[in-house]
Amino acid sequence: ETFQDEVAHLVHELDMGMVPLSVFFPYFPIEPHRRRDAARKELAKIFDGIVEKRRQENREEEDVLNTFVHAKYRDGSQLTNDQVLGMLIAVLFAGQHTSSITSTWTGLLLLESHQKQKKGILEGSGKSATFLEKVLDEQRKVIAEHGDELTFDILQSMDSLHFSIKEALRMHPPLIMLLRYAHAPFDVTTSDGKTYTVPKGDIIATSPAYSHRLDHVFDKADEYKPSRLEPGAAEDAKVPFSFIGFGGGRHGCMGEAFAYLQIKAIWSIALRNFEFELIGDNAPEADLTGMVVGPYASQVRFKRRKLK
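Cut-offs used in this document
Residues numbered from 1 in each chain as written. Predicted model: local features only at pLDDT ≥ 70, side-chain atom pairs only at ≥ 80, totals over all residues. Heavy atoms only, no water. Phe/Tyr/Trp six-rings, centres within 6.5 Å; stacked < 30°, edge-to-face > 60°. Helix = DSSP H or I, 4+ residues; strand = E, 2+ residues; numbered from the N terminus. Buried < 20%, exposed > 50% of the residue type's maximum accessible area, 1.4 Å probe, protein only. Lys NZ or Arg CZ within 6 Å of the ring centre and 35° of its normal. Pairing = 2+ DSSP bridges. Expected span 1.5 Å × (residues − 1). Axes fitted to C-alpha atoms, helices over the stretch in contact; angles between N-to-C directions. Left-handed = near helix turned anticlockwise from the far one by under 90°. Contact = heavy atoms within 4.5 Å. Nonpolar A, V, L, I, M, F, W, Y, C, P; charged D, E, K, R; others polar.

## Regarding the packing of aromatic side chains
In this structure the tally under the stated criterion is seven aromatic pairs. Note on Phe-274 and Phe-302: the rings are 5.7 Å apart at their centroids and 85° apart in plane angle, and the pair reads as edge-to-face. Here Phe-274, found in strand β5 (residues 274-278), pairs with Phe-302, found in strand β6 (residues 300-304); they are 28 residues apart in sequence, far enough to count as distant. Residue Phe-302 is classed as exposed on the basis of its relative accessible area, which comes to 52%. Here the aromatic rings of Phe-276 and Phe-302 are separated by 6.3 Å at their centres, their planes lie at 40°, and the arrangement is tilted. On the criterion of sequence distance, the pair formed by Phe-276 in strand β5 and Phe-302 in strand β6 is long-range, its members being 26 residues apart. Of the residues examined, Phe-276 reaches a relative accessible area of 22% and is grouped as partly exposed. One aromatic cluster is present, built from ring pairs that chain together Trp-267, Phe-274, Phe-276 and Phe-302. Above the plane of the ring of Phe-243 lies Lys-166, whose end atom (NZ or CZ) is 4.9 Å from the centre. Between the NZ or CZ atom of Arg-170 and the centre of the ring of Phe-218, over which it lies, the distance is 5.0 Å.

So this is what it looks like as structure tokens:
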């Protein structure tokens, strides 16, 4: 337990050391960077012994550490212990932090839109079921057919929950900046017809947080409306790469399918066992001080119950 607490603390220090400034000046002498670098050194000391022990034992385990320890480059060389640590940190941040934040936004936005619609604050209030009610009805149907079981196929079938998660990602992508290196020059034509040439060697930055709120792509882009992404509407299909919550192209996120399954599992269990209420009418604003953008502190009231 002490070991886990220590590692958790050091990983938290790494997280706090990833600020927007880090993208442009990763070693700028600020306190978050100093604490980040010190935590990285301490993690290296801890995991160096673990990695080395795994190498010496030469045993096979079904875990990600085993994959990195035995991975080889094309020339046959193996990853160094420090490189293995770097990969472990990357996996942790890529697969855990983003999913937890997207899970939070999904719940907050479902609750906010539900309560506003019930109070008559949203346009069209009272005329149709809220998105939260649709998600709950979907859970009832799944329970009626499969009981409490949650398998890959069952989670895959949850379309209402899927589009609720995707819409949360559209409005609040956890990464507000994606970078790509131009290996060859190419032209880009904007929506107003202007053409720009991106030269070879340039680094292109795009912001999902901005792209996902373009009015010529998404109707009432600042409104949480999962139905806009359903097959009948598919607003994100109007223009290529309109939705880049997981990046795009050959370097799109490999964990996209797993992320949806993970968040569906979290909210399926939560909604089946608890009733939630957002305290106040509005979900919190996004905290843009970090590289992975979550909400400012918010309050939710909940009580245990079985979904019927």
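There is more to say, and it comes next.
## A few points about the pairing of β6
In the case of a regular strand, side chains alternate between the two sheet surfaces. With zero of five residues buried, β6 is to be regarded as a mostly surface element. In this structure, β5 lies alongside β6, joined through five bridges in antiparallel fashion. What sits directly across from Leu-278, in β6, is Val-300.

## Focus: helix α10 (residues 256-273)
Across its 18 residues, α10 extends 26 Å between first and last C-alpha, which sits within 8% of the 26 Å expected from 1.5 Å per residue. Inspection of α10 places Ala-259, Tyr-260, Leu-261, Ile-263, Lys-264, Trp-267, Ser-268, Ala-270, Leu-271, Arg-272 and Asn-273 among the buried residues, and these make up the whole buried set.

## Regarding the packing of helix α1 (residues 2-16) against helix α3 (residues 31-57)
As a packed pair, α1 and α3 sit with axes 8 Å apart at the nearest point and diverge in direction by 145°. Judged by the sense of rotation from one axis to the other, the crossing of α1 with α3 is left-handed. Contact residues: α1 offers Phe-3, Glu-6, Val-7, Leu-10, Val-11, Glu-13, Leu-14 and Met-16, while α3 offers Pro-32, Arg-35, Arg-36, Ala-39, Arg-40, Glu-42, Leu-43, Ile-46, Phe-47 and Ile-50. By residue class, the composition of the contact of α1 with α3 is twelve nonpolar, no polar and six charged.

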